[in-house]
Amino acid sequence: LGVKETPQAIHSVAKELDWNKLLSLAKAEKQVVRRRLGYILEIMEFKKYSKQLEGTFKGFSWLDPVGPKRALGYSRKWGIKLNYGENELLQYKQGY
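Residues numbered from 1 in each chain as written. Predicted model: local features only at pLDDT ≥ 70, side-chain atom pairs only at ≥ 80, totals over all residues. Heavy atoms only, no water.

(A) Summary view of the sheet that holds strand 2 (residues 73-75). The sheet built from three strands is open, its strands ordered 1-3-2 with mixed pairing. Edge strands, defined here as strands with exactly one partner in the open sheet, are strand 1 (61-62) and strand 2. With two bridges joining them, strand 1 and strand 3 (residues 80-82) adopt parallel strand pairing. Pairing of S61 across the sheet is with I80, part of strand 3. (Pairing = 2+ DSSP bridges. Helix = DSSP H or I, 4+ residues; strand = E, 2+ residues; numbered from the N terminus.)

(B) Molecular detail of the environment of V32. Tracing the chain through its elements places V32 in helix 3 (residues 31-43). A residue is classified by how much of its surface remains accessible, and V32, at 19% relative accessible area, is buried. Sequence spacing of V32 and G79 is 47 residues, and the spatial spacing of their C-alpha atoms is 8.6 Å. (Buried < 20%, exposed > 50% of the residue type's maximum accessible area, 1.4 Å probe, protein only.)

(C) Examining the packing of aromatic side chains more closely. Applying the stated criterion across every chain yields a total of five aromatic pairs. Summarising the aromatic geometry, the rings of F57 and W78 are spaced 6.2 Å apart at their centres and angled 35° between planes, so their arrangement reads as tilted. Taken together, the positions of F57 in the loop between helix 4 (47-50) and strand 1 and W78 in the loop between strand 2 and strand 3 put the pair 21 residues apart, joining distant regions of the chain. With a relative accessible area of 14%, F57 lands in the buried category. Residues F60 and Y74 carry aromatic rings whose centres are separated by 5.2 Å and whose planes lie at 80° to one another, so their mutual orientation is edge-to-face. Here Y74 lies in strand 2 and F60 lies in the loop between helix 4 and strand 1, a separation of 14 residues in the sequence. The class of F60 is partly exposed, set by a relative accessible area of 35%. Ring pairs connect the aromatic residues W19, F46 and Y49, which therefore count as one cluster. (Phe/Tyr/Trp six-rings, centres within 6.5 Å; stacked < 30°, edge-to-face > 60°.)

Right, dumping it as structure tokens:
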């Protein structure tokens, strides 16, 4: 499962997801995991959960480290170089 598929996966299990466990696991991982998940949750409008992952981040990391190395923008809040646009990440919404 890649970064591009993560929003759709979260969307499909959101009602059954153990949010506390997901957030705990993300906080226990490397800082970049918190950044990526926080950004994705925020654009999906799960702000209640993304807010719990906020922090002070130094520098920028790619949203998808194996994706194209073209920066379409930056999220200063999350310290993320965006190599996919929101529309690409939220494509699953087009079917609803």
